[in-house]
Each structure stands twice: as C-alpha cells, then as structure tokens.
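Residues per chain, in single letters:
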Amino acid sequence: MLALSRGCRCLRQPQVIPAVGSRLMSSGGAIPVEREGLRNARRVVVKVGTAVVSNSDGTLALSRLGALVEQLQDLKEEGRQVLLVSSGAVGLGRLKLGLSKELVQNTANVTDRQACAAAGQEVLMSTYGLMFQRMGTTCAQVLITESDLLSRERYTYLTGTLERLMELKAIPIINENDVVTGGPSVGARVFTDNDRLSALLASGADADGLALLTDVDAVFNKPPDQPGAERIKVYKPDATVEIGEKSTMGRGGMASKIAAARVAALGGVHTCVAGGFDIGNIKKVFSGEDIGTLFPASGRPNKRQRWLTFATHAKGVLTVTDLCKKRMIDSNGQDGGYQLNISDLIESKGEYGERAVVEIKGPEGGVFARGQVQMSSEEIKEKIAPQGEDGMPVITFNSSHKVMQDSECVILATI
C-alpha cells in the first residue's frame, strides 16, 4: 500500500476533548495509552454495515438501530461532532420490491440493485429521521459517488458541506449513491464499499476517531471460529492475518475493513474495528476501552495531500532523473519544496490532460510521489529533451518549463 511519508508538511494534530484527570479510567480499569486518542476524539465517524442494521431475513434490526441512535446522541451530548456512514439500503429495497436475495446478490444485475437502492434508501433514512427526531436531533442525508471524490472541486464542496452540517448540530448520515453507481466497474476504484468510503470521509472531514462496526468482534489473526484465533489488540503494518469469507449481507469483508482502517489511520484518524451487534461498543470504543482492534493514527497530512494520496486515480506516470528524485525527497517537509520541470523528466506514459493526477517514479521504476500536472501529456512529450551520453536530459529552451508545483505534489512511502 502506498501511504503518505511521515515527513509531510502541514501535519495537523487531532482535536481532543480535555482529559479528566491525569489518569484516564474506564469501566474496566486504566485506559491503555494508545487508546487515549479515541477517548479524546472530538469529531468521530461511526460506520455500520448491512449485517448490523438488518436482521438475517433482511428486515431492519429496529432494536439495534434504536440503540445506535441513542449511542450517537450520547456522543453528541458529550460535546463531540458525529457522522454516521450506514449501509443497508439495497437489502431493505429488495424486501420492499419483493425481489429474491439471490437475484440482488448477483452484482451483474445492475438495474435491479439500483432499483433496490432507490426504494431502500427512503426506508433507511425515514427510520433514522424518526428516531433522531425523538431524540431532539436533526439528521441529514448525504449520498456520495466516486466522482465526488475524484474531482478536487467537488471533494472540497463535500467536506465543506459536512463541516457546515456539524456546525449546525446535525448528524450527517452518509451512504454511497448506489442508484447511479451501478455494479462492478472496470479498472481501479477509489472506494468499492462503505468501509473505504468511511475512511476517506473520516480523513477528509478532519475526524479524530473512526469506529468500523462489523459482524465480528475485532481483527483476528485467523477467522475467529478457527482454533488458535487470537484478537489483534493493536494492528501493525507487518501483522499476518488469515482472511475468511466475506459478509453474506454486504459487499465488504475483513480485508476491506483492514485496508480501510489503514487508510484512515494514515490520514490521521484513530480507528477501531469492533463488533457491531453490541451497539454498546460505540461508547466503549470512544471511552478508550480495550475492545476490537486499534489502528493508531499517523501524523495528519494537509487536506490536499490526503486527497492526492487516497481519493484520486493516477492517469499517467512520469519518470524522473535520480537527481530530481533525491531533491524532491530531500526537500519534503520544507517550505518551498522542489518544483518539477521538463528538464527533470525522462519519460511520460499515459494520456492525460492539464491538472490530471499522475504518479512519479525514479529511473529504477519505484513510484515515490504523486501530484497534479500543469500541462497535458501531449505537451510534456513534445517538450521532453533527448538524453545525453551521461543519461541526463539535454538542456533545451523547454527545460525550465514547469510541470508541477511543489505544493501540488506529495511524497509517498511504501509500508
């Protein structure tokens, strides 16, 4: 996985609620130090999957939903800002439209799934709306497509809207807009399920904590029903996890949750994967109790760097000289970093336009950066100079033409 390097500029430390006393306590005793970030989180995201909001027959799990709303209200009354990412619309719509489970589970039946999403989203939101209204809280529906993240402008509008809703004391309820996104797409996607979507939103909305609630109690080293399975209390990049079957009710599985949790943590969000059937786990997660699996947050990159790293597709690849690579890495984290010019380029691959996102690699082939170009691939290819005997591009009139501003480039680290 590619992630932001620890030395990125403009790191923002998560906002916190002041701790009570010098030693934090939970119902189970002293809070582990690594859990203080969740306990102190001021802005939190809670993600619930289809298996959590629905019963096995596809009907709404009303008791769990009611408990969920009460838990979120409690977080709000503690002075926290709350966002909810909720799956479940397709399953609810299937029941409402009288379609079989087998028919809808087949991702090739795009139109049927879209129809179910349209019918089910109304059921899901009206239920949330009624429950939150009884608690004296306003909720707001936010439906998102991948295009809302790929476009820098729409991404900024989206995060700005979420910010304003929270200022107005509302709880945004977020879901992928399955009515228009359809079935499996060709090629890479920014997100393929609500696990990844919740991670991207938690990072983009400057959240401090994320609870990914699932149908198992934590991340285990192997499927929890197998002998020798042990809970991983704190996830580390070198952890070995044997992945079992995906959820039968939603699109995500444990691999999806691990990948999403890592994205959120690298975006500066303290993240916990925990069991969702006991809704009381929400309070436990944000009280700092030792449940589930913790993914500790890294230093928070600035918003543009987060967008470039996690919420975009690279349309092409630029190969730069060794000297350029060294200068870019050495200047990372400094004011006035290295500006990429035509003279630094060896090759451009792919067809892309001005302002497209591209990957940057050195002569040896390893991708080490990503950024937005200021000219199209056609212009770049026309201006790249031939290499001299020393392997370096020959200096020409075009050599000083700017390809990428340092502020629109992020250095990556492989973890």
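All values reported here derive from a predicted model rather than from experimental measurement.

Description of the sheet that holds strand S6 (residues 139-144)
Each strand in a sheet pairs with another by means of backbone hydrogen bonds, the pair being arranged parallel or else antiparallel.
No. 1: One open sheet accounts for seven strands, arranged S6-S7-S5-S4-S8-S9-S10; its pairing is mixed. Each of the sheet's edge strands pairs with one partner strand only, and the pair in question is S6 and strand S10 (293-295). Taking the axes of each pair of neighbouring strands and ignoring which way they run, one obtains an average angle of 20 degrees across the sheet.
No. 2: Bridge count for strand S4 (residues 43-48) against strand S5 (residues 81-86) is six bridges, and the pairing is parallel. Looking at the pairing, Val48 lines up with Ser86 of S5.
No. 3: Along the sheet, helix H3 (residues 62-77) contacts S4, S5 and strand S7 (171-176); its crossing angle with S5, the most-contacted strand, is approximately 155 degrees.
No. 4: Contacts from helix H8 (residues 152-167) reach S4, S5, S6 and S7 within the one sheet, and its direction differs from that of S6 by about 170 degrees.

A word on the packing of helix H10 (residues 194-204) against helix H13 (residues 303-310)
When two helices pack together, their arrangement is captured by the angle between the axes and the distance separating the axes.
No. 1: Where H10 contacts H13, the two axes come as close as 10 Å, and the packing angle between them is 160 degrees. Between H10 and H13, the interaxial angle falls into the category roughly antiparallel. Considering how the two elements wind past one another, H10 and H13 form a crossing that is right-handed. Note on element contacts: H13 touches H10 through Lys303, Arg306 and Phe310, opposite Arg196, Leu200, Ser203 and Gly204.
No. 2: Residue composition of the contact of H10 with H13, grouped by class: two nonpolar, two polar and three charged.

Comments concerning a negative patch on the surface
No. 1: A surface patch of like charges, here negative, comprises Glu354, Glu378, Glu379 and Glu382.
No. 2: Within the fold, Glu354 resides in the loop between strand S13 (345-349) and strand S14 (357-361).

Cut-offs and rules
Residues numbered from 1 in each chain as written. Predicted model: local features only at pLDDT ≥ 70, side-chain atom pairs only at ≥ 80, totals over all residues. Heavy atoms only, no water. Pairing = 2+ DSSP bridges. Helix = DSSP H or I, 4+ residues; strand = E, 2+ residues; numbered from the N terminus. Axes fitted to C-alpha atoms, helices over the stretch in contact; angles between N-to-C directions. Contact = heavy atoms within 4.5 Å. Parallel < 35°, antiparallel > 145°, perpendicular 65-115°, else oblique. Left-handed = near helix turned anticlockwise from the far one by under 90°. Nonpolar A, V, L, I, M, F, W, Y, C, P; charged D, E, K, R; others polar. Patch = residues over 30% accessible without salt bridge, like charges linked within 9 Å, V, L, I, M, F, W, Y side chains within 5 Å. Areas by Shrake-Rupley, 256 points an atom, 1.4 Å probe, with all protein chains shown as cover. Salt bridge = Lys/Arg side-chain N within 4 Å of Asp/Glu carboxyl O. Lys, Arg positive; Asp, Glu negative; His and termini not counted. Charge placed at Lys NZ, Arg CZ, Asp CG, Glu CD.

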